[in-house]
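# Coordinates in review
Chain by chain, the residues run as shown.
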Amino acid sequence: MRGSDLINSRLPDELIMDVFQRLEDKSDCDAVSLVCRRWRKLERATRRTIKIGASGPANQLLENVVERFKGLQKLFVDERLPVVSLSSPRAPPSRRKRHSSPPMQFRHLAESSESEETELDRFSLSDAGLAAVAKGCKGLEKLSLIWCSSVTSLGLTTVAQNCKNLKSLDLQGCYVRDEGLIAVGQNCKQLEDLNLRFCEGLTDTGLVGLAEGCGRSLKSLGIAACAWITDKSLEAVASNCTFLETLSLDSENIRNQGIISVAKGCRSLKALKLQCINVVDEALLAVGSFCSSLELLALYSFQRFTDKSLSAIGHGCKNLRDLTLSDCYFLSDKSLEDVAHGCTKMTHLEINGCHNIGTSGLEHIGRSCPGLLELALLYCPRIGNSALLEVGRSCSHLQALHLVDCSSINDEAICNVAKGCRNLRKLHIRRCYEIGDEGIISVGENCSSLTDLSLRFCDRLGDQALVAIAQGCSLRHLNVSGCHLITDIGLTAIARGCPDLIYLDVSVLQNIGDMALAELGDGCHLLKDIVLSHCRQITDVGLRHLVRGCTRLETCHMVYCPLVTAAGVATIVSSCSHIKKVLVEKWKVSERTRRRASSVLSFLCVDL
């Protein structure tokens with residue numbers, strides 16, 4: 001106590017506040033506020049970020065937060081998150097009924113629904129809560145309102161008029177209309193980041209008004225599932241948002257003209273994500289011609305793009321570093337060849353479900369992009385071993401490799417990658433049935449930096465692979481779900497060789513039992529998350545051994561473990577002081593356990 005008195009008497013408020021501002025973890029901030037009244041007052045004055053749920057008495061909660069923390073700059077309200085007073089999370093609230101009628105009819109729809117307001121709606125964040133924010137947080141710079149469907153344009157207008165330093169605004173799932181967005185454009189001249197995903201009440205009028213009002217400061221824009229947003233909005237963005245750097249579009253109503261306008265008007269564009277089924281080659285030809293600064297390109301579900309599009313990108317976007325191609329059925333090896341030759345700075349590549357892309361396309365990437373750091377091949381049956389041979393030979397800096405349902409890749413390819421890419425830190429393989437112990441043993445022998453390993457439903461993997469990994473790598477994350485050849489021997493090796501393990505998924509392993517859990521308890525004291533579901537030999541005895549050593553456990557999934565009883569569930573709940581979630585069958589939980597730990601229990605829904 002004498003030490004604390006000395007600190008309070010010698011240190012001025014400014015110095016203590018400077019220390020508090022350097023605290024990054026919320027729990028640390030909460031802890032210092034409990035030391036004394038002075039520290040509580042100073043900590044509240046320095047708190048800059050708050051994240052809360054919008055369920056329960058959200059308006060009153062927000063009013064209390066604003067009154068208590070006067071210096072807030074970042075406020076995150078997510079209606080998918082629970083408030084402290086609630087016992088369990090819930091799904092996003094029911095939205096107002098949507099119709100495909102013209103936008104002007106939405107007002108009548110909102111008014112007619114007031115009388116049918118549900119109990120859930122009455123406890124959601126509304127304009128009254130935003131009014132409190134506008135009044136108490138004049139210096140607010142970042143506001144996120146996720147799925148706050150009771151917030152309207154009136155509340156957004158109030159915030160815009162009072163929080164003129166706003167730089168980031170996330171309205172995902174909010175049913176605001178054009179008036180609110182126009183008010184933001186008129187008042188928030190420093191706005192840089194705007195997310196309008198699932199804002200179904202907006203039309204071109206609102207986005208055009210915003211672009212005309214604060215377009216010069218806007219750097220990032222996201223639009224998805226906004227049925228009334230068309231090319232007209234993008235033309236306004238192109239004319240007014242000349243410094244735009246990031247654009248994400250998911251819309252059936254956007255066509256070539258809108259993308260072409262953006263390409264011509266936003267020459268500083270660095271990131272472009274598109275899921276627009278009515279956009280064809282001409283749009284990407286314009287991107288390749290005018291957006292030479294482009295660094296990230298993601299194309300999703302484009303069934304009308306051809307190799308001509310990617311050829312334009314390869315020739316015009318020499319700074320491209322991150323490329324995602326998902327379900328682009330008409331792209332072939334020629335696309336990857338042109339990208340590889342033109343975009344030699346490539347560091348991240350994902351190919352997902354592009355069935356016409358095969359081995360030769362990826363070989364060109366391996367030869368021409370030596371700086372590749374991350375490669376993901378998902379549902380690529382035509383890509384074979386020689387593609388990864390080139391990657392292993394030339395891409396020595398590779399840090400992450402993801403393989404899903406690649407039926408033509410086997411141990412030879414994994415061995416080549418392991419020997420050539422010794423900096424590998426993350427390896428995720430799922431349902432690649434030709435990969436077995438040989439490839440993973442090579443990883444253990446050559447990739448000492450590996451910390452994240454996921455081998456899901458790889459039928460040929462057994463204990464020898466895990467023994468080699470335990471001897472050569474210090475894992476933090478391990479997932480061997482569905483690898484039925486793995487037994488207690490393999491997990492014992494992991495427990496003894498990987499003391500830094502914090503996440504483990506051994507679900508659907510029929511040959512592991514209590515011995516493995518006892519070894520984990522002895523060797524993996526940092527373990528936080530474990531998945532044991534469908535492990536039929538695990539018993540309450542094994543769980544007792546596990547929790548004796550794994551005192552930091554936060555989540556435990558153990559559904560369909562027939563030998564685990566109510567006593568085992570009680571052991572997990574009572575022995576782990578940090579436990580946050582236990583997933584188990586409802587009938588296995590005793591009344592006493594339910595009373596003591598209802599907030600951490602999650603039940604498998606089987607009573608249908």
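Details of the structure are given in the entry above.
Predicted model only: the values in this text are computed from it and were never measured.

Cut-offs used in this document
Every chain's residues receive numbers from 1 upward, in the order its sequence appears when written. In keeping with the predicted nature of the model, local features appear solely for residues at pLDDT of at least 70, side-chain atom pairs appear and are counted solely at 80 or more, and the whole-chain, interface and lining totals rest on all residues. Heavy atoms from the whole structure form the basis of all side-chain values; hydrogens and water molecules are not counted. Counting from the N terminus, the helices are DSSP H or I runs at least four residues long and the strands are E runs at least two residues long. For a compact globule the rule gives 2.2 Å times the number of residues to the power 0.38, and the radius of gyration it is set against comes from C-alpha atoms. Type-normalised accessible area, obtained with a 1.4 Å probe on protein chains alone, sets the label of each residue: buried when under 20%, exposed when over 50%, and partly exposed for intermediate values. When DSSP finds two or more bridges between a pair of strands, those strands are recorded as paired. With strands facing away from the observer, any crossover in which the path from the first strand over the helix to the second runs clockwise is taken as right-handed. Contacts are assigned to residue pairs with any non-hydrogen atoms lying within 4.5 Å of each other. Salt bridge, as used here, is a side-chain nitrogen of Lys or Arg placed within 4 Å of a carboxyl oxygen of Asp or Glu. In plain words, nonpolar cores are sets of buried Ala, Val, Leu, Ile, Met, Phe, Trp, Tyr and Cys residues tied together by side-chain atoms within 4.5 Å. Pairing of aromatic side chains here covers Phe, Tyr and the six-membered ring of Trp, requires ring centres within 6.5 Å, and sorts the geometry by plane angle: under 30 degrees stacked, over 60 edge-to-face, intermediate tilted.

## Looking at the overall build of the protein chain
Scanning the protein chain from terminus to terminus reveals 26 helices and 21 strands. By the compact-globule yardstick of 25 Å for 608 residues, the protein chain fits well, its C-alpha radius of gyration being 27 Å. Once the C-alpha set of the protein chain is aligned to its principal axes, its extents read approximately 70 × 65 × 60 Å. For the protein chain, the proportion of its 608 residues judged to be buried stands at 53%.

## Remarks on the pairing of strand 20 (residues 581-584)
Two elements, strand 19 (residues 555-557) and strand 20, share three bridges in a ladder whose sense is parallel. Note on strand 20: the bridge partner recorded for H557 is L583. Crossover handedness for the path strand 19 to helix 25 (residues 566-575) to strand 20: right-handed. As paired elements, strand 20 and strand 21 (residues 601-603) share three bridges and run parallel to each other. Bridge pairing in strand 21 links V582 to L601.

## A look at helix 8 (residues 127-136)
Residues of helix 8 that are buried: D127, G129, L130, A132, V133 and A134. Looking at the buried side of helix 8, the elements it contacts are helix 5 (58-68), strand 2 (74-78), strand 3 (142-146) and helix 9 (153-162).

## Regarding the pattern of salt bridges
As enumerated under the stated definition, the model contains 14 salt bridges in all. Across the pair D338 and K334 runs a salt bridge whose closest N-O atoms are separated by 2.7 Å. Of this pair, D338 and K334 both sit in helix 16 (residues 333-342), four residues apart, roughly one helical turn. Here D338 falls in the buried class, since its relative accessible area comes to 12%. Bridged by salt links that share partners, the residues E363, R367, E390 and R393 form one connected network.

## A closer look at the nonpolar core
The biggest cluster of nonpolar side chains holds 177 residues, and the ones touching the most others in it are L377 and L403. If you tally residues by element for this core, the top one is helix 11 (residues 204-214), at five residues. Beyond its immediate sequence surroundings of up to four residues, L403 is in contact with L377, L388, I409, I414, H428, I429, R430, C432 and I435. Within the second largest apolar cluster, five residues are counted, among which are I16, F20, W39 and L42.

## Points about the packing of aromatic side chains
Taken as a whole, this structure holds two aromatic pairs when the rule is applied. Taking the centre distance of 5.5 Å and the plane angle of 70° together, the rings of F20 and W39 count as edge-to-face. One end of the pair, F20, is in helix 2 (residues 13-21); the other, W39, is in helix 4 (residues 37-46), and 19 residues separate them in sequence. For the pair F20 and W39, one class covers both residues: buried.

## Looking at the environment of P381
Locating P381 in the fold gives a position in the loop between strand 12 (374-378) and helix 18 (385-394). Look at P381 and you get partly exposed, because its relative accessible area is 36%. The spatial distance from the C-alpha of P381 to the C-alpha of S408 is 6.0 Å, given a sequence separation of 27 residues. Beyond its immediate stretch of four places on either side in the chain, P381 contacts H355, D405, S407 and S408.

Honestly, that's just the spatial picture; any functional story needs more than this.
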